[in-house]
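Here's the letter readout for the chains.
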Amino acid sequence: MMSGGPAVRVSIESQCERQVQEVSLDGLETYVPPLSMSQNLAKLAQRIDFDQSSDSEQDGPERESREPWSKPEPEEDEGAVKFQPSLWPWDSVRNNLRGALTEMCVLHDVLSVLKEKKYMALDPVSQDPSVTKTPQVFQLISKKKSLATAAQLLLKGAEKLNKSLAENQEQRRQRDFNSELLRLRSQWKLRKVGDKILGDLSYRSAGSLFPHHGTFEVIKNTDLDLDKKVPDDYCPLSVQIPSDLEGSAYIKVSIQKQSPDIGDLGTVSLFRRQPKAKPASQTWHVKLEAAQNVLLCKEIFAQLSREAVQIKSQIPHIVVKNQIISQPFPGLQLSISLCHSTGEKRSQRASPEKSKPDDHLYVLEHNLHQLIREFHKQTLSSVVMPHPASAPFGHKRLRLAGPMAYDKAEISSLQQSEGLLEKIIKQAKHIFLRSRTARTIDTLASRIEDPQIQAHWSNINDVYESSVKVLITSQGYEQICKSIQLQLNIGVEQIRVVHRDGRVITLSHQEQELQDFLLSQMSQHQVHAVQQLAKVMGWHVLSFSNHVGLGPIESIGNASAITVTSPNGEYTISVRNGPESGCKVLVQFPRSQAKELPKSDVLQDARWTHLRGPYKEVHWSRMEGRNFVYKMELLMAALTPCP
């Protein structure tokens, strides 16, 4: 009822639908979260009692006690409608389950009775054959239709699977191509020109000036058949390299005797190495590495050919086809060949009989690759910014020519630089001279047993200089016979010999000169060995000479001689040894032991008998002993008087 008084606002607060879980100290209430649909369904399912009979669910007192939700609240009105059991959510499920349980129990009882065969038996029911034929036809037709429908479904499913598999393979192949392209890009320089992907094989970024473009193209490999199995060596991309860079190539360096006819040079044993695999089966990194190697070999040969034409030497260099011929020493020729095999039939026709054994100088081939890389590095570092900025471009030494007052000779020496061909020729000369020296020493060591010659090569060498220590000893007397120790420094065109006493002798590249020098040193060793042996045996050295001016003239060096006497002075041994004439040993006996001397009427006094008599030559070849020093030791021991 409305009144004339002022209106009063009444606050109405809705009842809390959720329970309060916790009230914090600041008055904040935390509510229990509401149940989800699955949790609510599980909660309702827990309240169902499947053991209660359906007959007494209307008026049974137990129903009221077990199901409290069916009780009417005491606060409700008397006219309120009670909850009907038929409206339960799980009532139908319970009824169906109970019915199924009843039928199963009945079936179990029937089967139990039939199993005993006492109270009940089953007989087959006879059927009219005319009636059974028609359903069989219908069954066959229905089965055929069902099979056709099933087959159609299977075909549609297989078609969908094939399409999805093809799409997956195409996507996978696209992913493989991108990943492989990423690998290729991490190792090689690539750029995109239009719709093509091009790469660079050249060494221009490293300082190369070779005009070849060295460009290759990256192509996506689409030759794979999706219906067949993917091969193990399948690669999603392939590279197309220029035709002149296909195959394999290498630089062959060899030193041979000078050929009388150079008309056929340039094609001898150039295609001896056959490719191991077909180019189609090679992966992209193998093909690119081989093509880059071919490009580098062509650059090396082009640089050598250009220098061979430009360099003015006493004996001009010859460039024939793909071969460069130089003459480092008389009678020898240095051959540098570019061997490029593309795997064609003409390269396989090369006869292996014409090719000689492996005569490669692998050291020089490796050095050529090192030299061309040093040349690339110099090209990159040659352009140096001037300091100060007003100075002209060029080498630092040339910029200092004005302030340092260089003359013409010094400036020309600064501008001179050895090319690739000159360096490799110098290295070839050194290698040949070193091998010739080693061969000469080995030949003398195998031919001459006494004295022995030993060579100790140094492991630390230079490309233009090597050293070897030569020792000449006698077997069994190495400790007392150490006088001949030679240090041979092998250079490019000469050999420097350093003696133990510091004397230096320079020998040319001729093999005979080194052989004659070693023979003369071996001859002097025998005389030095007698001198050292005399000191050990207590004999006295009367005379010693490395170069005897008397006697026959030696064609190789000079003869050496020594004269020693016994401790009591009665016997004297004279030794003369020459490189060509050999060894000659003479012994002088006392005059009293000389039976062949005639009696003189003048020398009647007995004191003249103590003078020495004439020399007698010793048959040295009949002496017992394994070497010269051992025989000399036996001779001195026989002539030494007993104490």
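- The protein has the name Mediator of RNA polymerase II transcription subunit 17 in an unreviewed UniProt entry, where Cyprinus carpio carpio is given as its organism.
- The Subcellular location (unreviewed entry) comment attached to the protein in UniProt states, word for word, "Nucleus".
- UniProt, in the comment section headed Sequence similarities (unreviewed entry), describes the protein in these words: "Belongs to the Mediator complex subunit 17 family."

A look at the sheet that holds strand β5 (residues 215–220)
Piece 1. The strand order across the open sheet built from four strands is β3-β4-β5-β6, with neighbouring strands paired in antiparallel fashion. Edge positions in the sheet fall to β3 (189–193) and β6 (237–240), since each has one partner strand and no second. Geometrically, the sheet is characterised by an average inter-axis angle of 35° between neighbouring strands, direction not taken into account.
Piece 2. Bridge analysis of strand β4 (residues 196–200) against β5 gives four bridges, and the strand direction is antiparallel. Note that in β5 the partner of leucine 198 across the bridge is glutamate 217.

Details of the environment of valine 497
Piece 1. Among the structural elements, valine 497 can be located in strand β14 (residues 495–498).
Piece 2. Exposure remark for valine 497: the relative accessible area of 0% places this residue in the buried category.
Piece 3. Each C-alpha atom, one on valine 497 and one on leucine 514, is 9.9 Å from the other, the two residues being 17 residues apart in sequence.
Piece 4. Beyond its immediate sequence surroundings of up to four residues, valine 497 is in contact with Leu486, Gln487, Leu488, Arg503, Val504, Ile505, Leu507 and Phe517.

Focus: the sheet that holds strand β10 (residues 332–341)
Piece 1. Spatial ordering of the open sheet is given by β7-β10-β9-β8, a layout of four strands whose pairing is antiparallel. Sheet topology places β7 (248–257) and β8 (318–320) at the edges, where each strand pairs with a single neighbour. Ignoring which end each strand starts from, the neighbouring axes of this sheet average 15° apart.
Piece 2. Direction of pairing for β7 relative to β10: antiparallel, over a ladder of ten bridges. Paired with valine 253 across the bridge in β10 is isoleucine 336.
Piece 3. Helix α10 (residues 420–447) rests against β7, β9 (323–326) and β10 of the sheet, and its axis sits at about 120° to β10.

Rules behind the numbers
- Residues numbered from 1 in each chain as written.
- Predicted model: local features only at pLDDT ≥ 70, side-chain atom pairs only at ≥ 80, totals over all residues.
- Heavy atoms only, no water.
- UniProt positions renumbered as here; feature names shortened; annotations may be inferred.
- Pairing = 2+ DSSP bridges.
- Helix = DSSP H or I, 4+ residues; strand = E, 2+ residues; numbered from the N terminus.
- Axes fitted to C-alpha atoms, helices over the stretch in contact; angles between N-to-C directions.
- Buried < 20%, exposed > 50% of the residue type's maximum accessible area, 1.4 Å probe, protein only.
- Contact = heavy atoms within 4.5 Å.

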